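Fold and contact review
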Amino acid sequence: MKKQVLMAVLPLMVWGCGDPTDADNDGVADGIRDPNNVSVVVPSTPKGTVSGQVLSTTLQPLADVTVAMTIGSQPTGKSATTDASGNFVMTDVPAAAQVLLTFSKGGYSTLRASSIVPAAAGTVPINNGNASFGPVTLTQLNSSLAVTVVTPQGRPAVGAKGVLEVDKAGSVILSNYDSVSSVVSKVYVEATADSNGILTFNGIPSGVELARLGGTYNLWIAPMDTNGDGVVDTGGYTKSYSGGSIVGSQATTLAQLNFSKPSGAGALAIEGGNVGSLKGDLDPFRNMVRPGEPIYVYFNQPVQPGSLIVRMTDEYAKETLAVTPQVNIGGYSATLTPSGSVQEGKEYNLALRAMSAEGSSSIDTKGFFVAGSSSSPPAITVSGNATFYDANSSGILEAGEVVVVNFNQPIKRSGTPVYVFFDGVDLNTSSTVVQGEWTPTNKSAVGFSLFSFEPQTFVPESGMYADPRPVFPPRASNYSSRYYFRYSSTGSGYKTFPSGSPVTLQLAFDFLSNPSGDVYESAWGTPLTTTIAANVTLVAVQPPTN
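Every value quoted in this text rests on a predicted model; they were computed, and no experiment measured them.

So, how was this worked out
Residues numbered from 1 in each chain as written. Predicted model: local features only at pLDDT ≥ 70, side-chain atom pairs only at ≥ 80, totals over all residues. Heavy atoms only, no water. Core = buried A, V, L, I, M, F, W, Y, C linked by side-chain atoms within 4.5 Å. Buried < 20%, exposed > 50% of the residue type's maximum accessible area, 1.4 Å probe, protein only. Helix = DSSP H or I, 4+ residues; strand = E, 2+ residues; numbered from the N terminus. Contact = heavy atoms within 4.5 Å. Pairing = 2+ DSSP bridges. Axes fitted to C-alpha atoms, helices over the stretch in contact; angles between N-to-C directions. Salt bridge = Lys/Arg side-chain N within 4 Å of Asp/Glu carboxyl O. Phe/Tyr/Trp six-rings, centres within 6.5 Å; stacked < 30°, edge-to-face > 60°. Lys, Arg positive; Asp, Glu negative; His and termini not counted. Polar contact = N/O pair within 3.5 Å; in protein donor to acceptor, adjacent residues only side chain to side chain.

**Digging into the nonpolar core**
- One finds Phe 407, Phe 422, Phe 485, Tyr 487, Leu 505 and Leu 507 to be the most contacted residues of the largest nonpolar core, which totals 33 residues.
- Those elements that place two or more of their residues in this core are strand 26 (385–389), strand 28 (402–414), strand 29 (419–422), strand 34 (480–486), strand 36 (501–507) and strand 38 (532–541).
- Setting aside its immediate chain neighbours within four residues, Phe 407 contacts Ile 380, Thr 381, Val 382, Ser 481, Tyr 483, Leu 507, Phe 509, Leu 528 and Ile 532.

**Re the sheet that holds strand 8 (residues 143–150)**
- Pairing is mixed in the open sheet, where 3 strands are placed in the order 13-8-16. Looking at which strands have only one partner, the edges of the open sheet turn out to be strand 13 (198–204) and strand 16 (253–256). Here the strands of the sheet are splayed against their neighbours by 25 degrees on average, with no regard to which way each runs.
- Both strand 8 and strand 16 contribute to a ladder of 4 bridges, which runs parallel. Directly across from Val 150, in strand 16, lies its bridge partner Gln 256.

**Details of the pattern of salt bridges**
- With the rule as written, the count across this model stands at 6 salt bridges.
- Two residues, Glu 165 and Lys 186, come together in a salt bridge whose shortest N-O distance is 3.5 Å. In this pair, Glu 165 sits in strand 9 (residues 161–167) while Lys 186 sits in strand 12 (residues 186–192), placing the two residues 21 residues apart along the sequence.
- Taking relative accessible area as the criterion, Glu 165 reaches 7% and is therefore assigned buried.
- With a relative accessible area of 36%, Lys 186 lands in the partly exposed category.
- A salt bridge links Arg 286 to Asp 281; the nearest nitrogen and oxygen atoms lie 2.5 Å apart.
- The class for Asp 281 is partly exposed, based on a relative accessible area of 25%.
- Sharing partners across several salt bridges, the network here consists of Asp 281, Asp 283 and Arg 286.

**A closer look at the packing of aromatic side chains**
- Enumeration according to the criterion identifies 23 aromatic pairs in this entry.
- Seen in terms of ring centroids, Tyr 348 and Phe 369 are 5.4 Å apart; in terms of plane orientation they differ by 25 degrees. Their pairing is stacked. Residue Tyr 348 is found in strand 24 (residues 347–355), and its partner Phe 369 is found in strand 25 (residues 362–371); the two are separated by 21 residues along the sequence.
- Using a relative accessible area of 6% as the deciding quantity, one classes Tyr 348 as buried.
- Taking the centre distance of 6.3 Å and the plane angle of 70 degrees together, the rings of Phe 421 and Phe 511 count as edge-to-face. Of this pair, Phe 421 sits in strand 29 while Phe 511 sits in the loop between strand 36 and strand 37 (519–522); the two residues are 90 residues apart in sequence, bridging distant segments of the chain. Accessibility classification places Phe 421 together with Phe 511 in one group, the buried group.
- Ring pairs connect the aromatic residues Phe 422, Phe 448, Phe 485, Tyr 487, Tyr 494 and Phe 497, which therefore count as one cluster.

**Here's the deal with the environment of Val 232**
- Within the fold, Val 232 resides in the loop between strand 14 (216–221) and strand 15 (237–242).
- Along the chain, Val 232 and Asn 328 lie 96 residues apart, while their C-alpha atoms are 9.6 Å from each other.

**Re the side chain of Asp 314**
- Counting through the fold element by element, Asp 314 comes out in strand 20 (residues 309–314).
- Despite its burial, Asp 314 pairs with no opposite charge; the closest candidate is Lys 318, at 5.9 Å N-O.
- Side-chain polar atoms of Asp 314 contact the backbone nitrogen of Lys 318, separated by 3.1 Å.
- When neighbours within four sequence positions are excluded, Asp 314 is seen to be in contact with Glu 319, Leu 321, Glu 347, Tyr 348 and Asn 349.

**Observations regarding the environment of Pro 544**
- Secondary-structure assignment places Pro 544 in the segment after strand 38.
- As for Pro 544 and Ala 391, which are separated by 153 residues in sequence, their C-alpha atoms are 10.0 Å apart.

**Examining the pairing of strand 1 (residues 47–56)**
- Counting buried positions over the 10 residues of strand 1 gives 8, a clear majority of the element.
- Here strand 1 pairs with strand 4 (residues 87–94) via 6 bridges, running antiparallel. When the sheet's bridge partners are listed, Gly 48 is paired in strand 4 with Val 93.
- When strand 1 meets strand 7 (residues 129–138), the two strands line up parallel, connected through 8 bridges. Looking across to strand 7, one finds that Gly 48 is bridged to Gly 129.

By themselves, these figures tell us nothing about what the structure is for.
And the structure:
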C-alpha cells in the first residue's frame, strides 16, 4: 500500500505534557514522536545554515576572521568568527533569503560575497538548506608599491595625488555545491608624491599574492596645477599592472604626466575653454563667465607667447575694454583676465589672434560671453531710458522715428516680433483706438513691432546701421539686450514727445500671435511670456553716421 505524505501545517497537541513548546525554533513542537505516523510536519518558518572556510592565499587556515552577515533588507544580521581551521557556521537563517557576507581580519583584505540560502530548506529532511562559501581566500596587506611621477618636462611632480586600486584582493574558490552569486574584494589606497615625485602606496597585497589570484594594480594620478596659477596644466595618468608583472620587474614604476593638451599636427585651433563661441559654439550656457572669473582658452598645440593678441569690447563693440592675456603650460593654454569690472547680465565681445609655436599656422577668431552664473538667472527688466534717434535734431520724438529700449540682459527672439504699446496715451487725439495704444484686454490690438538691435544691424526704418564704426566687427550671438521699434508706421496725426518725457511702454509678450512658435527668451533660457510694463524716459540722441 502506497504511503501518503501529508504536506500541511497542523495544530499540534502533546498529550499529557501540557502546552506544546518549540525551544529550538524549528517550527515543530518539541517532543513530537509517533513511530506509527509517517506524516512529516513542515516547519512554519523553514530555516537553513550558512557555512564556509577562510584561508590565506597559500591555503593555510585563517582563524579569528570576523564574518558579518546581512540577511536581505533586515536591519540586523548575524556574525561568526572562524575557528583554528578557518571554519565558520551560522544557523537559523531563513530559507530562500539573500545573504551578504563580509569577511574581515586585521592586516588582511576585506571580501564581500552574496548567496541565497536554498529554498528547499524545510521540506524533507527538515531545515537542511545550506549556503556554502568557500574556501574564501584573503590577502595580507603587508606590502607597498612606489611610483615615480614626473611632469611633462621630466621634473619630479611634487604633490601629485594618486589612487591605487587593488582588484582582486581576495577570492572565493567555487565548487559544484557553492551558490555564491557575486564576489568583491578590492583595496583602495591614496598617496601624495614627496619632494622627489614618489608616490608610495602602503598597506597593499604583495605582487606575489596578487599573482596567485590573477589580480591587478590599477593606478590613477590626477591632473596637476604645477605652477599654482589655478589652471590645470598637465593631464592625468592611468595604467594597470598585473601582480605577475610587478613580481617580474621589482622596479619602481615610472609615470610621466602628459601636457594638458597634446601637441597636434595641422592648423592651430582652440579645443576648449569657458567661452565656447571662440570655437563657434553659440549656446549662451557655454559662454557664461562669472564676474571676476578669468577666461580660459585651451589650444590643440602650443602658441608663441608673444603672438597672442586679445581685444575686448562691450556688447555694441563701441567701447574698448582692457584685458590681460597670459600664456600658460608651455603655450597650450591662455588665461584672459578683464582688467575692468564685468557686470552681471552684460554681453561682451572678444577677438583673439595667435601664432603656432610648432609651425606657420595661426588663428584669428571672435567670440562673445555673458557675465553671470548659469545657476542664477537674474529677473528680466527694462532700463529706465528709451533713446530715440532724433532724425531732424528737433529734440522731439515724432512719428516715423526709431525708439530703442534696453533690457538688463541679452534676449533672443524666434518667430514674429512682439508688439509695443504706449499705456494711457491717446496717440492720435481721437476716441478711436489706433496702432500702439494699449488695450490690455484686447490681444488682437496692433502695436509697434519690436526688433533686435545687435551691433551692425541695419535698420530699414531709418536707413542706418546700429553703431557703424565698431572697434572690430563682432561675432553675432543672436542675443541682444537692445531692441528697437518704429514709432508709427504712418506718421499721420500722431502725438509728439519732447526729450525727457516719461512714458509707460507695455511690451506685450503674452499677446504673441503664435505662442508655440514665437519665442523670446533670455540667455539663461528664461522665457518671456507675460507683458512687461516699462516706465522709461524718452531721451533724444543723434543718429549714428555711416
